[in-house]
Amino acid sequence: MHPQSLSRRQLFQLSGFAGMGLLLDSCGLNEYSTAVGNAIDPLNQRVEELLLKPQALAREYPISSIDPNALIINSFTDVPQIDPTTFKLIIDGAVNQPLQLSMNDIYKLPLQTMVIQHVCVEGWAAIVQWGGARLKDLIALAQPKNTARYVYFESGDGYYNSWDLPSAIHPQTLLAYQKNGQPLPVDNGAPLRLAAPIKLGYKQSKWVTRVTLMNQLPIKRGYWEDQGYEWFGGL
Amino acid sequence: MATPKKIPPIPHQKIIIKLFHGIIIISLFLMIGSGLQIYNATPVFGDKEGWQFPDFMTLGGWLAGGRDWHFAIMWVFSFNLLIYGIYIFLTKRWQRRFVASSDLQAIKVGQNHKRKAYAWHRLIYTGIIPILILAIASGLAMYKPVQLAWLMSLFGNWKTLRIIHFMTVPISLVFTVLHMFMGLKVGGLRLWRSMFV
């Protein structure tokens, strides 16, 4: 073969080589996904914890940049029926003062609003305004024990999730009851939902009914996490 | 007495270079496969109704699996490139083995076809490096858009960032094919073999 020329056959062989690499991906490697994820997760989680600046505020956007239709509603089951007039948020676990708060109690706490970018694990993002009480203020009312390191959230639809404490008491982590300046729609998690710029969407439970501080993570760490999603989910 | 025919020297690559090169290829394919899996969860073009890549091109099985691979292999991919960068800097390889002004001169005004092909090849494989760095930078910005907000802000908004990160895939693949083609043209299968065997 003359080294200067490239026959059509060789070109096919070359492009075949390129395609083969991609094909190899699908041949049996998928079953190792969870093992690969489990192997790297301690490192990635450590990096995420190091990157998190507990007091630094995430970028907020002007109200004009809100795109109401960009926020897609993702729920894993039906919308639960919660009567906001009788609803009580439970805060318990590793606290000195377990609480049950009505919506009126929560409305009395300072209202914080923020226009932030909500990022979904699926790859889309939406600029959205949330308004509500800082989770930090709610947790402070319950007087957390200094052994508490995690916060576990239960939702009215059976969804469950858990967070690291520093992210939960970040100044932009809210239990929101407003969206884009209006009362929070039921589809978006009314009466109360988690809203924070520092976590992926699946960490932001809707219809939150119970906030439990914990010293250790339970075995069931979250609905999606138990199926393979990364636990920390930081942005 | 007949003068012996001049035989060009057999191309030879250092083992460490073969290693860097091989790891780039393998980790890039794993990054692309898992990246296309993540892409399919919400296609960059057309959102939820957009065209999705077929299963045989994706790695991970589902979104979480794709992310498992992507955020594991990212370490191999980027640290390999980082160590390679340090290596070519310390050995001054960057002065000798990458595109230089003399190559650009040869491309523009050169008459020697062999020299021109050689210069094009150096330009192409040098060009792959900034594309891979762009892939890492845009990927990091998307991975931690809040904690690395300064990086995210370089790319404008989320949609632009996703498009840029995705476009590094076809661009790096085109450069790879050109690199393979020009490698054969310049040094034949012997050059090819020298990089892999």
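Residues numbered from 1 in each chain as written. Chains lettered and ligands numbered in written order. Predicted model: local features only at pLDDT ≥ 70, side-chain atom pairs only at ≥ 80, totals over all residues. Heavy atoms only, no water.

A. Examining the packing of helix H4 (residues 101-109) of chain B against helix H5 (residues 113-143) of chain B more closely. All names here are of chain B. Interhelical geometry of H4 versus H5 gives an angle of 130 degrees and a closest axis separation of 8 Å. On the basis of the axis angle, H4 is oblique to H5. Considering how the two elements wind past one another, H4 and H5 form a crossing that is left-handed. For the pair H4 and H5, contact is made by Ser102, Asp103, Leu104, Ala106 and Ile107 and by Arg115, Lys116, Tyr118, Ala119, Trp120, Arg122 and Leu123, respectively. Of the residues belonging to the contact of H4 with H5, the class tally is seven nonpolar, one polar and four charged. (Axes fitted to C-alpha atoms, helices over the stretch in contact; angles between N-to-C directions. Helix = DSSP H or I, 4+ residues; strand = E, 2+ residues; numbered from the N terminus. Parallel < 35°, antiparallel > 145°, perpendicular 65-115°, else oblique. Left-handed = near helix turned anticlockwise from the far one by under 90°. Contact = heavy atoms within 4.5 Å. Nonpolar A, V, L, I, M, F, W, Y, C, P; charged D, E, K, R; others polar.)

B. Quick peek at the domain arrangement of chain B. Residue and element names in this part refer to chain B. Here chain B is described as being made up of domain 1 (13-43 + 56-97) and domain 2 (101-197). Computed from C-alpha atoms alone, the centre-to-centre distance between domain 1 and domain 2 is 13 Å. The interface is formed by 22 residues belonging to domain 1 together with 19 residues belonging to domain 2. Carbon and sulfur atoms make up 69% of the area that domain 1 and domain 2 hide from each other, which totals about 1,700 Å². When the buried area of domain 1 at its contact with domain 2 is split by residue, Gln13, Lys18 and His21 rank highest and sum to 26% of it. Counting the contacts that link domain 1 with domain 2 gives zero salt bridges. Linking domain 1 with domain 2 are five residue pairs in polar contact (both at pLDDT 80 or more). Listed by contribution, the elements that provide at least two residues to the side of domain 1 that touches domain 2 are helix H1 (15-41) and helix H2 (63-90). (Domains from an automatic or database assignment. Buried area = accessible area lost by both parts, 1.4 Å probe. Salt bridge = Lys/Arg side-chain N within 4 Å of Asp/Glu carboxyl O. Polar contact = N/O pair within 3.5 Å; in protein donor to acceptor, adjacent residues only side chain to side chain.)

C. Representation of unusual backbone geometry within the structure. Residues and elements named next belong to chain A. Cis geometry is found at the peptide bond from Ala190 to Pro191, where omega equals 10 degrees. The topology assignment puts Pro191 in the loop between strand S8 (182-183) and strand S9 (193-195). Look at Gln143: it is not a glycine, yet its phi comes out positive at around 55 degrees. Among the structural elements, Gln143 can be located in the loop between helix H4 (135-141) and strand S5 (150-155). Notably, Trp207 is not glycine yet its phi reads approximately 50 degrees, a positive angle. Relative to the helices and strands, Trp207 is located in the loop between S9 and strand S10 (208-214). You can call Trp207 buried: its relative accessible area is 1%. (Buried < 20%, exposed > 50% of the residue type's maximum accessible area, 1.4 Å probe, protein only.)

D. Geometry of the packing of H2(B) against H5(B). Residue and element names in this part refer to chain B. Where H2 meets H5, the closest approach of the two axes is 11 Å, and the angle between their N-to-C directions is 140 degrees. Here H5 runs oblique to H2, going by the angle between their axes. Crossing of H2 over H5 shows left-handed handedness. For the pair H2 and H5, contact is made by Phe71, Met74, Phe77, Ser78, Leu81 and Tyr84 and by Ile129, Leu132, Ile133, Ile136 and Tyr143, respectively. For the contact of H2 with H5, a count of residues per class yields ten nonpolar, one polar and no charged.

E. Looking closely at the confidence of the model for chain A. This prediction gives chain A a mean pLDDT of 89; 89% of its residues lie at or above 70. Here helix H1 (residues 8-26) of chain A stands out as the least confident element of chain A, with mean pLDDT 55; S9(A) is the most confident, with 97. (pLDDT = per-residue confidence, 0-100.)

F. Quick peek at the nonpolar core. The biggest cluster of nonpolar side chains holds 70 residues, and the ones touching the most others in it are A:Leu89, A:Trp130, A:Leu138, A:Val211 and A:Leu213. When residues in this core are grouped by element, the largest group, five residues, is from strand S4 (residues 125-134) of chain A. Both of domain 1 (13-43 + 56-97) and domain 2 (101-197) of chain B provide at least three residues apiece to this core. Membership of the second largest hydrophobic core comes to 25 residues, among which are B:Leu36, B:Tyr39, B:Met57 and B:Leu132. (Core = buried A, V, L, I, M, F, W, Y, C linked by side-chain atoms within 4.5 Å.)

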